[in-house]
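# A closer look at the structure
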Amino acid sequence: MENDFVDQVVLKLLSTEISRSISHVPPAHFILKIEAFSSLVENDVEKYGSLEFDAGGYKWKLVVYPNGNKNENVKDHISVYLAMVDTSSFGLGWEVYVIFRLFVLDQKKDEFLILQDAMGKQRRFHGLKLEWGFDQFIPLEEFINASNGYLVGDTCVFGAEVFVKETKECTGECLSMTKLTSASNYKHVWKIENFSKLEDRFYESEVFVAGDQKWKILLLPKGLGEASGSHISMYLRLIDLSTITGGSKIYVLFTLRIRNQLLSKHYEKKAGEWLNTSTQFGGWKKFVELNYLNKAGNGFLVNDVCIVEAEVPVLGISKAL
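Residues numbered from 1 in each chain as written. Predicted model: local features only at pLDDT ≥ 70, side-chain atom pairs only at ≥ 80, totals over all residues. Heavy atoms only, no water.

By the naming in an unreviewed UniProt entry, the protein chain is TRAF-like family protein, taken from Citrus sinensis.

What follows is about the pattern of salt bridges. Pairing between side chains becomes possible if they bear opposite charge and their charged atoms approach one another. If you walk through the whole model with that rule in mind, you get 15 salt bridges. In this structure, Arg123 engages Asp117 in a salt bridge whose closest nitrogen and oxygen atoms are separated by 3.1 Å. Owing to a relative accessible area of 16%, Arg123 belongs among the buried residues under this scheme. The shortest N-O distance in the salt bridge between Glu311 and Lys187 comes to 3.9 Å. Taken together, the residues Glu311 in strand E21 (residues 306-311) and Lys187 in strand E13 (residues 187-192) connect sequence positions 124 residues apart. Glu311 sits in the buried class, given a relative accessible area of 15%. Linked through salt bridges whose partners overlap, the residues forming this network are Lys187, Arg257, Arg259, Glu268, Glu309 and Glu311. (Salt bridge = Lys/Arg side-chain N within 4 Å of Asp/Glu carboxyl O. Buried < 20%, exposed > 50% of the residue type's maximum accessible area, 1.4 Å probe, protein only. Helix = DSSP H or I, 4+ residues; strand = E, 2+ residues; numbered from the N terminus.)

Our focus in this paragraph is the pairing of strand E5 (residues 58-65). Buried residues dominate E5, accounting for six of its eight residues. For strand E3 (residues 48-49) and E5, the ladder comprises two bridges, and the chain directions are antiparallel. Its bridge partner being in E5, Tyr48 is matched across the sheet by Val64. Pairing analysis gives three bridges linking strand E4 (residues 53-55) to E5, with the strands arranged antiparallel. (Pairing = 2+ DSSP bridges.)

This part takes up unusual backbone geometry. Excluding glycine, residues mostly carry a negative phi; peptide bonds, for their part, are mostly trans. Residues other than glycine seldom take positive phi values, yet Ala36 does so here, at roughly 55 degrees. Looking at the element boundaries, Ala36 is found in the loop between strand E2 (30-35) and helix H2 (37-42). Although it is not a glycine, Asp86 sits at a positive phi angle of roughly 60 degrees. Checked against the element boundaries, Asp86 lands in the loop between strand E6 (77-85) and strand E7 (95-106).

For the rest of this paragraph, the subject is the packing of aromatic side chains. Throughout the structure, instances matching the rule amount to 21 aromatic pairs. A ring pair is formed by Trp60 and Phe125, whose centres lie 5.2 Å apart and whose planes are at 80 degrees; its orientation type is edge-to-face. You can see Trp60 sitting in strand E5 and its partner Phe125 sitting in strand E9 (residues 123-126), a full 65 residues away along the chain. When the centroid spacing of 6.1 Å and the interplanar angle of 55 degrees are considered together, the rings of Tyr267 and Tyr292 count as tilted. Of the two residues, Tyr267 is situated in strand E19 (residues 267-275) and Tyr292 in helix H4 (residues 290-294); the sequence distance between them amounts to 25 residues. Under the relative-accessibility criterion, Tyr267 is labelled partly exposed at 25%. Through successive ring pairs, a cluster of aromatic residues spans Tyr58, Trp60, Phe90, Trp94, Phe100, Phe125 and Phe134. A cation sits over an aromatic face here: Lys129 above Trp132, 4.4 Å from the ring centre. If you follow Arg201 out to its NZ or CZ, it ends over the ring of Tyr203, 3.9 Å from the centre. (Phe/Tyr/Trp six-rings, centres within 6.5 Å; stacked < 30°, edge-to-face > 60°. Lys NZ or Arg CZ within 6 Å of the ring centre and 35° of its normal.)

This is the structure:
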């Protein structure tokens, strides 16, 4: 058992090691020649990104940190990375598995020092990880020593080979949530006259816009289903479905209210709903009891007028990608 554990530890250490080798063959995909390299170091240039190059059907760059990648707390070394570029057209969930090799030329011996991940380890490039490479590519002191051949006449040469092994894409969605502020809280007022004479059917408010979406308030004065004859039913309805096609949905935290026209004790209910092409409504069959609404002195019906309000902040939009 102990030997098995040791073997596992050794394998884990080997999988994270860097392989260094020498080759007289130049890199197959890209060469970067830098003249007056010392000026990059002396002027504290953080990094240099090369021109784009194609390999394996994708676009890449070499990124060189002359003074080391300070974001990774690198000191006294040159850092070199392979960066994937031009990925904006890729769908959410894309992945590209790559084996790559980074080169630096020994100009005296006319041979390349090559760094790559040991044991043929593949690196996974994706939307949140577009860059892989080596923090401590070569010690700066060793690199700038002309006798080592890497920097001759203040000129150096780097290179890259990129071998794409596998690509993957998956379906996904993007959820965009917003913070609730006073600016996002739209209020629509619907004044209903001759309320007692309304028939037993749905009534609709005029269309109003909130959160870049179109809405209506729906009211059934005699109630719906089991609420018939005892309650008012009231709903918020999303009108324009063109903004939520393809499996998208909208989260709305809304309030429907009947104003008390005598006092400030309004009657209201609040709910949060995810709305989509198949669920366009949010609200209540039993919004308020008819007896309570009609009771004289409660202030909800004055001169047979009922005032309904809707507050509709749109807090989230989820779109399929």
